[in-house]
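Working through the structure, step by step
Next come the chains, spelled out residue by residue.
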Amino acid sequence: QVQLVESGGGVVQAGDSLRLSCAASGRSFTPLAMAWFRQAPGNEIESVAAISFMGANTYFADSVKGRFTISRDNDKKTMVLQMNSAKPEDTAIYYCATSQTTINASGSSRSYDIWGQGTPVTVSE
């Protein structure tokens, strides 16, 4: 069974850093493009960052450019979102997603067909 599990969420103060991890599991499963999305209460889900299969290309939403970085380790089937200079508006449930068909980094949720359960992030003033 293919599964994505996020970890690392929590409560931080504005200006702090937080590291979210996503681990993929499943026999004979190779996650291609991977991405982070988030959904704040009452809001639509939005893209945060994405990374191509080989990690050469990345995508960042304008709201997180210069503050967040994304990386992956294909041997371990893991992905990390490093959140720096956190802002209260970063508060949301963060979801990890991957595609079984797309290798390029994409900010569109339609590109991804496997999703994790989410990890909550709260950034206080």
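Residues numbered from 1 in each chain as written. Predicted model: local features only at pLDDT ≥ 70, side-chain atom pairs only at ≥ 80, totals over all residues. Heavy atoms only, no water.

1. Describing the sheet that holds strand S3 (residues 18-25)
To be explicit about the condition: Paired strands, in this sense, are two strands between which DSSP finds at least two bridges. Under the scheme used here, helices are H or I runs from DSSP no shorter than 4 residues and strands are E runs no shorter than 2 residues, and both carry numbers assigned from the N terminus. Each axis is a line fitted through C-alpha atoms, and for a helix only the stretch in contact is used; angles between axes span 0 to 180 degrees, taken between their N-to-C directions.
The strand order S1-S3-S8-S7 describes an open sheet built from 4 strands, whose pairing is antiparallel. If you trace the sheet from one side to the other, it starts and ends with strand S1 (3-7) and strand S7 (68-73), each paired once. Here the average twist between neighbouring strands, direction ignored, is 15 degrees. Relative to S3, S1 runs antiparallel, the two sharing 5 bridges. If you follow Leu-4 over to S3, its bridge partner there is Ala-24.

2. Section: the pairing of S7
Spelled out, the test is: Residue burial is assigned from relative accessible area. The probe radius is 1.4 Å, only protein chains are included, and a residue is buried under 20% of its type maximum, exposed over 50%, and partly exposed in between.
Because side chains alternate across S7, one face comprises the buried residues Phe-68, Ile-70 and Arg-72, and the other comprises Thr-69, Ser-71 and Asp-73, none of which is buried. A loop of 4 residues connects S7 with strand S8 (residues 78-83), the two strands running antiparallel in sequence, and Lys-77 in this loop sits at a positive phi of about 55 degrees.

3. Side note on the pattern of salt bridges
Applicable threshold: By convention in these notes, a salt bridge is any Lys or Arg side-chain nitrogen within 4 Å of a carboxyl oxygen on Asp or Glu.
With the rule as written, the count across this model stands at 4 salt bridges. For Arg-38, the salt bridge is made with Glu-46, and the minimal N-O distance between the two is 2.6 Å. Given a relative accessible area of 35%, Glu-46 falls into the partly exposed group. A salt bridge links Arg-67 to Asp-90, with the nearest nitrogen and oxygen atoms 2.8 Å apart. Here the residue Arg-67 occupies a position in the loop between strand S6 (58-60) and S7, and Asp-90 occupies one in the loop between S8 and strand S9 (92-98), the gap between them amounting to 23 residues. On the basis of relative accessibility, which here comes to 9%, the residue Arg-67 falls in the buried class. Put simply, Arg-38, Glu-46, Arg-67 and Asp-90 are held in one network by salt bridges that share partners.

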